[in-house]
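# Architecture at a glance
The residues making up each chain are set out below.
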Amino acid sequence: MDPAVPTSFDDDPAIGRVLLSEEQLTRRIEELGAQLTQDYAGRPPLLVCVLRGAYVFLTDLARSIDLPVQIDFIAVSSYGATTRTSGVVRLVKDLEVDLTDRDVILVEDIVDTGLTLRYLRRSLEARGPASLEVCALLARESADLEGLGVRYVGFTIPNDFVIGYGLDVAERYRNLRYLAVYDPDAAAEPS
Ligand code: IMP
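What comes next is a walk through the structure. Counting of residues starts from 1 at the beginning of each chain's written sequence and follows it residue by residue. pLDDT decides what is reported in this predicted model: residues at 70 or higher carry local features, side-chain atom pairs at 80 or more are listed and counted, and totals for whole chains, interfaces and linings draw on all residues regardless. To obtain the side-chain values, all non-hydrogen atoms of the structure were included, while hydrogens and water were left out.

### Description of the site of the ligand
To be explicit about the condition: Here a residue is considered near a molecule or strand provided that any single heavy atom belonging to it is located within 4 Å of it. Polar contacts here mean pairs of N or O atoms no more than 3.5 Å apart (in protein, one a potential hydrogen donor and the other a potential acceptor; neighbouring residues in sequence count only if both atoms are side-chain atoms). Note that accessible areas follow from Shrake-Rupley with a 1.4 Å probe, and for residues the cover is restricted to the protein chains shown. A run of DSSP states H or I qualifies as a helix once it reaches four residues; a run of E qualifies as a strand once it reaches two. Both are numbered from the N-terminal end. Following the grouping adopted for this structure description, the nonpolar residues are Ala, Val, Leu, Ile, Met, Phe, Trp, Tyr, Cys and Pro, the charged ones are Asp, Glu, Lys and Arg, and the polar ones are all others, Gly among them.
Around the ligand sit 15 residues in total, of which Asp109, Thr113, Gly114, Thr116 and Val162 are the nearest. One of the side-chain N or O atoms of Glu108 is found 3.3 Å from an oxygen atom in the ligand. Contact between the ligand and Thr116: an oxygen atom at 2.5 Å from a side-chain N or O atom of the residue. Out of a free accessible area of 490 Å², the ligand has 91% covered by protein chains. Listed by contribution, the elements that provide at least two residues to the shell around the ligand are strand S5 (103-111) and helix H3 (115-125). Its residues assigned to classes, the shell around the ligand shows 7 nonpolar, 3 polar and 5 charged.

### Some details on the pairing of strand S7 (residues 152-157)
Filter applied, for reference: Buried residues are those whose accessible area, probed at 1.4 Å on protein chains only, stays under 20% of the maximum for their type, while exposed residues exceed 50% and partly exposed ones sit between those limits. In short, DSSP must find at least two bridges between two strands for them to pair.
Within S7, 5 of the 6 residues are buried, which leaves the element mostly enclosed by the surrounding structure. Across 5 bridges, strand S6 (residues 131-140) lies against S7 in parallel orientation. Note that in S7 the partner of Ala139 across the bridge is Thr156.

### Thoughts on the packing of aromatic side chains
Using the following cut-off: Aromatic pairing here means that ring centres of Phe, Tyr or Trp (its six-membered ring) are within 6.5 Å. Orientation follows from the plane angle: under 30 degrees is stacked, over 60 is edge-to-face, and everything else is tilted.
The full count for this structure, using the stated rule, is 3 aromatic pairs. When the centroid spacing of 6.3 Å and the interplanar angle of 25° are considered together, the rings of Phe9 and Tyr173 count as stacked. Note that Phe9 is positioned in the segment before strand S1 (15-20) and Tyr173 in the loop between strand S8 (162-163) and strand S9 (179-182), a separation of 164 residues in sequence. The rings of Phe9, Phe161, Tyr173 and Tyr182 are connected pair by pair, giving a single aromatic cluster.

Have a look at this one:
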């Protein structure tokens, strides 16, 4: 273990101010679940979780939907180990379920530049689903949600890089129970 990497969240100076508490996250996700339960009544959707960032959101969202949903996973990568997008999206793991004639909801952690979403939408639409909607926990204020066709959003947030509740920096902080601002000046960029 790199001695510069803190071994406890308590003494990690890179964890900045709390942007969304556990309670705020829980309350809003229950609202989203209730909305999806209403909108998809009689046609239980397939939830496509975008790994890895959306895995925590997916587990809470799925349990807030009172319908027999199905779940599958897709993995893409555009960030590597930094806080800046590489600008190139790569498919790392594909779905196993056939999307033909399915009502699909793409479950994303955060819509930032929209690059990932545009790539995924193109890939999934080509598989002939009956419908395809996007449910993102977070969206940047700057994101063009209408242009990207994002129907469901948990919270709109400013431009700070955030960690926790599934979101990471170099695979760390995903298991923080809340969402915090990442303070890169307080931490050496992980190698
Ligand atoms: P986009 O392609 O620029 O929209 O970036 C989307 C992906 O980048 C998300 O699914 C996240 O995995 C990652 N990402 C963007 N902003 C953040 C952040 O603030 N914290 C952690 N991951 C982020």
